Amino acid sequence: MQAFLDIFDIYLLEAVINGILLGGVLALLALGLNLIFGVIDVTWICYAELVMIGMYGMYFMVQYFGINYFIAAPLTILLVAMLGAALHYLVIAPLLNAPPINQLLATGGVLFVLQSFATVAFGIDFRNLGIRLPVLAFGDMNFSYARLLSFLAALVGMVAVYLFMTRTFTGTAIRAISQDRQIMALMGVDTKRIYLITSAIGGGLAGLAACLLVLQYDVHPFVGLSFGPITFLICVLGGLGNFIGGFIAAFVFAEIISLGGLFSDLEWGYVLAFAFFIVMMFIRPAGLLSRRR
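The name given to the protein in an unreviewed UniProt entry is ABC transporter permease, with Bradyrhizobium nitroreducens as the source organism. Its UniProt record gives the protein a comment under Sequence similarities (unreviewed entry), which states: "Belongs to the binding-protein-dependent transport system permease family. LivHM subfamily." The UniProt entry for the protein carries this comment under Subcellular location (unreviewed entry): "Cell membrane".

Structural data, given as structure tokens:
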């Protein structure tokens, strides 16, 4: 009996640590989506499809052009950042004063356009980057180097965004606009430029996530469905536009998924996470850090 409990404790600890590693990547995805919503007040339903385009970019640069992964990564981040800026300029900017439902439908339309484009251009085959990373053995526990690398890179990315937002004039302007758009416009701040920069940063974060997720997922046109819905739920649970709330919600979801996978199949971990979200929407519909009235 004692031996069984010791083994169970090891598996439990391994699941908790894996949940933390998964939470870092989910927090990175939520940060990009929350940044865009908090500043521009538009929810990009197609955000995960930007990640999908970035994953294809990484795949072709590494596999077809023979570019080193660490050189292809910044190129992919730049590519998706430009795509995010283009999305804002062509789709979002004309609809800034439109009803929210029109904005949701527009970004939802972009989602299907990007999925259809990827299907026609690349086919529906599952493509693998072909980089095999070893497994880190720590005692009786095993951890994926890909997940560990993803967690560290996501942490560095989030710290970089934090420093940019708190130590630069542009970052300060972005935070100010997120608090009061009308006043900042009256004070002479070029809101159109700030919106464009914010969209590029959000796209860049999606590009960084693509560089990390391509190490763990096969690339195909619908890969965004693997993490797009969960990212949106994380942002809603944390409070749309609330960076701290999204960060906490990402790790809560990740632990539920990981521990659910320990006691049953991984799919049941996602089922439990969705069930938890539904319950929390009744308890705290405005988000985890909201104040009850």
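Text resumes after the structure shown.
Undergrad: Is there a simple way to think about the layout of surface pockets in this case?
TA: Taking a probe equal in size to a water molecule and rolling it over the atoms shows the remaining empty space. Its volume calculated, the largest pocket comes out at about 480 Å³. Lining the largest pocket we find 21 residues, and of these Leu-31, Met-158, Tyr-162, Phe-243 and Ile-244 sit closest to its centre. Sorting elements by how many residues they give to the lining of the largest pocket places helix α5 (residues 145–167) first, with 7 residues. A per-class count over the lining of the largest pocket returns 13 nonpolar, 7 polar and 1 charged.

Undergrad: Help me out: how do you make sense of the nonpolar core in this one?
TA: Burial of nonpolar side chains together is a common tendency in soluble globular proteins. Trp-44, Tyr-47, Met-55 and Phe-227 are the most contacted members of the largest nonpolar core, which has 82 residues in total. Tallying contributions element by element places helix α1 (residues 2–40) first for this core, with 14 residues. Not counting chain neighbours up to four residues away, the residues in contact with Tyr-47 comprise Leu-29, Gly-32, Leu-33, Ile-36, Gly-202, Leu-205 and Ala-206.

Undergrad: What is the right way to read the packing of aromatic side chains from this model?
TA: For any two aromatic rings, the description comes down to two numbers: the centre-to-centre distance and the angle of the planes. Counted according to the given criterion, the structure contains 11 aromatic pairs. Judged by centre distance (6.2 Å) and plane angle (20°), the ring pair of Tyr-56 and Phe-60 falls under stacked. Of this pair, Tyr-56 and Phe-60 both sit in helix α2 (residues 47–63), 4 residues apart, which is roughly one turn of that helix. The same class applies to Tyr-56 as to Phe-60, namely buried.

Undergrad: Honestly, the UniProt feature "transmembrane region" (unreviewed entry) in the protein in this entry has me stumped. Any pointers?
TA: UniProt feature "transmembrane region" (unreviewed entry): in the numbering of this structure it lies at residues 15–37, 44–65, 71–92, 104–124, 144–165, 194–215 and 270–289. In residues 15–37, the share of helix is 100% and the share of strand is 0%. The end C-alpha atoms are 32 Å apart.

Undergrad: Explain the side chain of His-88 to me, please; I cannot follow it from the model alone.
TA: Mapped onto the elements, His-88 comes out in helix α3 (residues 69–92). Judged by relative accessible area, His-88 falls into the buried class, the value being 4%. Ignoring any residue separated from it by four or fewer positions in sequence, one finds His-88 in contact with Ile-40, Trp-44, Ala-93, Pro-94, Tyr-195, Leu-196 and Ser-199.

Rules used throughout
- Per chain, residue numbering runs from 1 following the sequence as it is written.
- Under the rules for a predicted model, residues below a pLDDT of 70 receive no local features and side-chain atom pairs below 80 are neither given nor counted, while totals for whole chains, interfaces and linings still include all residues.
- For the side-chain quantities, the full set of heavy atoms in the structure was used; hydrogens and water were omitted.
- UniProt positions are given in the numbering used here, feature names are shortened, and annotations may be inferred rather than shown by experiment.
- Here a cavity is any set of points on a 1 Å grid over the protein atoms alone where a 1.4 Å probe fits but cannot get out, and a pocket is any open set with protein on both sides within 12 Å along at least 5 of 7 lines; a residue lines the site when it has an atom within 4 Å of a point.
- Grid points are joined across faces, edges and corners, and a volume is the space filled by probe spheres set on the points.
- A run of H or I in DSSP becomes a helix once it reaches four residues, and a run of E becomes a strand once it reaches two; helices and strands are each numbered from the N terminus.
- Three classes are used: nonpolar for Ala, Val, Leu, Ile, Met, Phe, Trp, Tyr, Cys and Pro, charged for Asp, Glu, Lys and Arg, and polar for all others, with Gly counted as polar.
- The set of buried Ala, Val, Leu, Ile, Met, Phe, Trp, Tyr and Cys residues whose side-chain atoms join them within 4.5 Å is what this entry labels a nonpolar core.
- Burial here depends on accessible area, computed with a 1.4 Å probe over protein chains only, as a share of the maximum for the residue type. Under 20% is buried, over 50% is exposed, and the range in between is partly exposed.
- Contacts were defined at the residue level, with two residues in contact if any of their heavy atoms lie within 4.5 Å.
- Stacked, edge-to-face and tilted are the three classes for Phe, Tyr and Trp ring pairs, Trp counted by its six-membered ring, which pair at centre distances within 6.5 Å; planes under 30 degrees apart are stacked, over 60 edge-to-face, the rest tilted.

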